[in-house]
Every structure is written in C-alpha cells, then in structure tokens.
Amino acid sequence: MPSEVLPLIIKALIVIGAVMTMAGYAVLMERKIAGWIQGRPGPNRTQIPILGSIPVIGTFLTRLGVFQPAADGLKFLFKEDALPGHVNKFYYVLAPMIAFVPAMATMTVLPFGQYTGADGVTVPIVLANLDIGILFILAVSSLGVYGIILGGWAANSKYPFLGGIRASAQMISYELAMALSILPVFMWFGGTLNLHAVVQGQYQVWTIFAQPVSALIFLVALFAETNRLPFDMPESETDLVAGYNTEYGAFKFGLFFVAEYTHIIIGSGVFVALFLGGWTLPFVPIPDGIAGAIISIGIFLAKVFALVFFFMWIRWTLPRFRYDQVMNLGWKKLLPLAIANLVVYAIIIALIENLG
Amino acid sequence: MATKVLERKPLSLAERSYLPQIVGGLKITMRNMLKPPVTLEYPDERPEIPVGYRGVPTLVRDPNGREKCVSCQLCEFVCPPKAIRITPGEIPEDAETAHVEKAPKEFEINMLRCIYCGLCQEVCPEEAIFLQDIYSVTGYTREEFAFKKEKLYELGGTLPDKHFKWDKKKAAEEHGNPHH
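In this text, all values refer to a predicted model and were calculated from it rather than measured experimentally.

**Considering the overall build of chain A**
For chain A, the helix and strand inventory stands at 15 helices and two strands. What you see for chain A is a C-alpha radius of gyration of 21 Å, in line with the 21 Å of a compact globule of 356 residues. Burial statistics for chain A: of 356 residues in total, 43% are counted as buried. Within chain A, residue pairs in contact and separated by at least 24 positions form 75% of the contacts whose partners lie at least 6 positions apart.

Quick look at the structure:
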C-alpha cells in the first residue's frame, strides 16, 4: 500500500508546488501587465543579493521583477498576523482555508499533458483521471465561494459583508450558465465527461471553432466565477474598500490572494482543455515517451498562460459592471443563451448522428 | 438659432452585445502596452529643468570669486513672506575688494517660509541672488531649513558675469574718474 501511495504523494506535491509558484508569478504578471498597459514599467527594483548582482542577467531579471513574488510572499509570511477584536474568530480563521483548499483541489482532475508508453497506450498526465472530471471541477471550484462568504460574514463589518453577499449571488447566477454552456461540448464528444477524452477529440478541430457560443458563455461565466474584472463584485475596490478581504491581513490575506490566482490558472486550464485543444496542436503529432510528455505539458502551459494574459488584459481594459448589470447579464442574457445553445447543438448532434 | 433634432438610432444587435466595443478597448490597451513607459524613474532619472525655472534661491559669486551681495537688504525688504534675514557687515580695509565696502555678515533664507516667488532675484541690483534649478529641499529639523550664508553660496556656486561692475569702478577710480 505505501509503495502505491508514495509516488502519488510526490506527484501531488510537485503539482501543488508548480501551481503555487505559477500563482505567485501570475501576481507578478498582473502587476507587470498593469504597468505596461498604464505606461509604467511595473515592479523592477526587487533584488536578491547574489543572483541580482550578476552583470547582465541579474539586471535583466531585476528589471523584469522576477524576485518580486519572493519578496511579496516573505512579506505576507512575516507580517504580524493581526486578529481584529470584533470578528468571529473561528470562522475568521477558517474562511481563508476554505477559500484556498477547493482552489487547490480542482487541479487534481485537470489533465495537463499526455504520455504514450512503449505499449502505444496514451494516458493523460493527471493526478486523478476521473471519468466525471468536469463535474468534479464544477462542484469543487464553486465551493471556493464559501470561503468568501464566510470571510465576509465573519469579519463582522459592513463592507466585507456586502462583498460576501455579492459573491454568493454572483456565483449562483453564473454557475448555471457555466454548466449549461459546456454540456454541448461533452455531447459533441460522445457524452463523456472525462477531460482527457475531450482533449483527444479536439485533435483536428478545436471546440472553440465548432462551438463559439459555448466558448463565449463559458469564458464570461469563468470571469464571473473567478471574480475577475469586469465581474469583481466581491472585491469592488472602488465601492467596498476591498470587499470580503477588507479585514484580512498578512498570511490570511495571502491565502485569499493565492486562491484567487489559483482559480484563474485552473479556470484557464479548464478552458484550454475544453475549447483550445488542451496539449495538442492541430495536425502535429506528439511524440511518444518522456519527450512527448514534456512537449505536451509545455504546449498546455503556454496556452494557459496566453489565457491568463487575456484575463489580465481584460481586467485593465474594462471597468466593473454595476451589480444589477451583472445580475441582468447572468440571468436574462447568458442563461437563456446557454439554454438555446444547448438545444440547438442537441438538435445538430442528433441530426449528424442519424444522418451520418 | 434653429434647433436641429438629431435622430437617436436604436442600438444595433452588435452594439447591444457589447462585444465589438470590448474588442475596440482591447486594441487600445494593447497599443498602450507596446508603447514605452511614460514614467520617469525618479531617483535614477531626473526631470529636465526648463529655462527660467524658479528653484531654491541661492547666492552666487562672480567669476573672480568675489561674493556679489553687498547687503543692501532690498531682497529682505521685498520678500513677501519675510523669509530673508540679512545682517550687514563691512569688508575690512585691507581686503582687495575693500572699495565694495559692504558684504553680508550673515544671510539667512528660511526655506519653510520661502514661496519661490523670485522677487528677490528680480529686485537685486547686484545680480547676487538667483533662483536656480534645485527643486528638492529635504531635512530632518526646522533648523536645517534655515539656509545660512555658507549653504547658500555652496548651492549657488559661480555664475558668469556680464558687467564686472566693481572692477570697472575700481579701474575708473584709479584713472581719476570716481564717477565713471
């Protein structure tokens, strides 16, 4: 038994480390992109002693802000972890964990590469290859909102409370459209809910070209689910101070922060797997063995980062929707559109299957 | 004036979907992103000071190293916030520039009062006080902000002189024409 569990634990730790690092660097990426879009250089001062003083490379890395996430992380770690007197202490401490754990848990079923062994069998590189992968992701990722609601409520302060309420309403509204928008995708690939099968099915044509409306609805819902602008209702810096995490500081805030960026990365990963062909490139076969595994992971990560860039690009382009506009868009536009989309594709798929 | 009534057209489907507008916005931000930053990395890069900038008032010497101020106290008189305090002094008889007769014994500009109006520079008959290009004044105590004579000369340095008024006067005196 331990001999079976140990490699899994090591694999899980590697993936967790990679995703945490990516979340840290996504923060840097966000700050850099914000800077560039606003005509600023972005973070470019942080240096670590030996690495930063290498003549050309060190200067380049410093200008790029590569050491900034380490400084940010250390700051979160060493700041005084203040516990405000007016909060509900148990839930206040619990909330960041509840926000963080689902964000991390969703990545267990997200395949991010493939490995073809000597026997010619292609297996996905994933922590747990569930047949109901996408259901698991939808279910667990929406648990993350409990952390936000709980944090907003436990902070016992009006702005976090409003942020929490907005988060819950928004999450419920967009969850429906999100789930309905990806149903046609799985119908398209013969009714499987396994992400690996969906990626394999996109070898010739990416789903985004076959089902653009599904992709659009899913993308918009993804923005809402990850609380990104233009849907960052729970945070709303301009009207709710900092929303649900107003009363949080130090490492607890750091957990919320990392959870948010992990959500973005995982969400981008799901979008890439469902609509952008996952780790495949059209008409380019992936070689067998370890090389193929590394190439497929590289392709997947490149696509994910392109999408994360798109998230940030949108953030610094669009202003936030008003709360009622968010509700309008979710219930009156996206949900009917998603249902219509589902019906149309159900008919199309039925016709193809019966006529073809 | 005739009023022109403009027809307000209903939004088209594309406009109502908001997507073309988003694409337009994305194009603008992408163009901005590819431009070089407009910021100045301040302590490393300094702004270019325009000609005629009114910075910190300073005292200057002429190219021969003579302090130009003759402590006439016009600047002290004209100074709107009363930032300047001059204690006049005499130049000793045996000095080379004894014919100038007066020089400030103490010259103090309180930079906490100074409003950088430049009236002292305007009023100075000896062209001895100039608002130059120093724009950043810092200090830890109030006393540090009361710039003393040494500090003012250190900041001012030497400026070129067009007239050499006192050298001409001395030469005229030596040629027997004390009134030019």
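**Section: the overall build of chain B**
Secondary structure summary: chain B contains seven helices and five strands in total. Taking 180 residues into account, the globule formula puts the C-alpha radius of gyration at 16 Å, and chain B, at 29 Å, lies well above it. By principal-axis analysis of the C-alpha atoms, chain B measures approximately 95 × 50 × 30 Å. Restricting the contact set of chain B to residue pairs at least 6 apart, pairs at least 24 apart contribute 71%.

**Some remarks on the packing of helix α7 (residues 144-154) of chain A against helix α8 (residues 158-188) of chain A**
Residues and elements named next belong to chain A. Between α7 and α8, the least distance of the axes is 7 Å, while the angle of their chain directions is 155°. Viewed along their axes, α7 and α8 adopt a mutual orientation that is roughly antiparallel. In terms of crossing hand, the pair formed by α7 and α8 is left-handed. Residue-level contacts link Val 145, Ile 148, Ile 149, Gly 151, Gly 152 and Trp 153 of α7 to Pro 160, Phe 161, Gly 163, Gly 164, Ala 167, Ser 168 and Met 171 of α8. When its residues are assigned to classes, the contact of α7 with α8 shows eight nonpolar, five polar and no charged.

**Concerning the sheet that holds strand β2 (residues 84-90) of chain B**
Residue and element names in this part refer to chain B. An order of β2-β3-β5 is seen for the three strands of this open sheet, with the pairing classed as antiparallel. The open sheet has two edge strands with one neighbour each: β2 and β5 (146-147). Two elements, strand β3 (residues 102-110) and β5, share two bridges in a ladder whose sense is antiparallel. Opposite Ile 109, over in β5, you have Phe 147 as the bridge partner.

**Concerning the interface of chain A and chain B**
The interface is formed by nine residues belonging to chain A together with 10 residues belonging to chain B. Counted by class, the side of chain A that touches chain B contains six nonpolar, two polar and one charged residues.

**A closer look at the packing of helix α13 (residues 250-275) of chain A against helix α14 (residues 289-315) of chain A**
Residues and elements named next belong to chain A. Running from N to C, α13 and α14 point in directions that differ by 120°, and their axes come no closer than 9 Å. As for the relative orientation of α13 and α14, their crossing is right-handed in sense. Every residue of α14 that contacts α13 at Ile 264, Ile 265, Ser 268, Gly 269, Phe 271 and Val 272 is listed here: Phe 300, Lys 303, Val 304, Leu 307, Val 308 and Phe 311. A class-by-class count of the residues in the contact of α13 with α14 yields nine nonpolar, two polar and one charged.

**A closer look at the pairing of β3(B)**
In this sheet, β3(B) lies alongside β2(B) in antiparallel orientation, the contact comprising seven bridges. Paired with B:Thr87 across the bridge in β3(B) is B:Glu106.

**A word on unusual backbone geometry**
A positive phi is found at A:Asn156, a non-glycine position, where the angle reads about 55°. Considering the arrangement of structural elements, one finds A:Asn156 in the loop between α7 and α8. According to the C-beta neighbour criterion, A:Asn156 is partly exposed, with 16 such atoms within 10 Å. Despite not being glycine, B:Tyr116 shows a phi value in the positive range, around 55°.

**Looking at the confidence of the model for chain A**
Taken over all residues, the pLDDT of chain A has a mean of 84, while the share at 70 or more is 99%. The least confident element of chain A, judged by mean pLDDT, is helix α12 (residues 237-240) of chain A at 73; the most confident is helix α11 (residues 212-225) of chain A at 89.

**Focus on the nonpolar core**
Judged by nonpolar contacts, the single largest core of 86 residues is most densely connected at A:Ala99, A:Leu110, A:Phe218, A:Ala221, A:Ile265, A:Phe271 and A:Val308. Considering each element in turn, this core owes the most residues, 15 residues, to α13(A). Beyond its immediate stretch of four places on either side in the chain, A:Leu110 contacts A:Val126, A:Ile137, A:Leu195, A:Ile266, A:Gly269, A:Val270 and A:Ala273. Within the second largest apolar cluster, 21 residues are counted, among which are B:Val56, B:Cys75, B:Ile129 and B:Leu152.

**Remarks on α7(A)**
Residues and elements named next belong to chain A. Along α7, 10 of the 11 residues are buried, which leaves the element largely enclosed by surrounding structure. By the burial criterion, the buried members of α7 are Gly 144, Val 145, Gly 147, Ile 148, Ile 149, Leu 150, Gly 151, Gly 152, Trp 153 and Ala 154. On the buried face of α7, the contacting elements are α5 (89-105), α6 (133-141), α8 and α13. Phi turns positive, to about 55°, at Asn 156, one or two residues after α7.

**A few points about the environment of A:Trp153**
Residue and element names in this part refer to chain A. With respect to the helices, strands and loops of the structure, Trp 153 is situated in helix α7. Through-space distance from the C-alpha of Trp 153 to that of Gly 163 is 9.1 Å; in sequence the pair is 10 residues apart. Leaving out residues up to four positions away in the same chain, Trp 153 has contacts with Phe 161 and Gly 164.

Rules used throughout
Residues numbered from 1 in each chain as written. Chains lettered and ligands numbered in written order. Predicted model: local features only at pLDDT ≥ 70, side-chain atom pairs only at ≥ 80, totals over all residues. Helix = DSSP H or I, 4+ residues; strand = E, 2+ residues; numbered from the N terminus. Rg over C-alpha atoms; globule rule 2.2 N^0.38 Å. Buried ≥ 20, exposed ≤ 12 C-beta atoms within 10 Å, placed from the backbone. Contact = placed C-beta atoms within 7 Å. Axes fitted to C-alpha atoms, helices over the stretch in contact; angles between N-to-C directions. Parallel < 35°, antiparallel > 145°, perpendicular 65-115°, else oblique. Left-handed = near helix turned anticlockwise from the far one by under 90°. Nonpolar A, V, L, I, M, F, W, Y, C, P; charged D, E, K, R; others polar. Pairing = 2+ DSSP bridges. pLDDT = per-residue confidence, 0-100. Core = buried A, V, L, I, M, F, W, Y, C linked by C-beta atoms within 7 Å.

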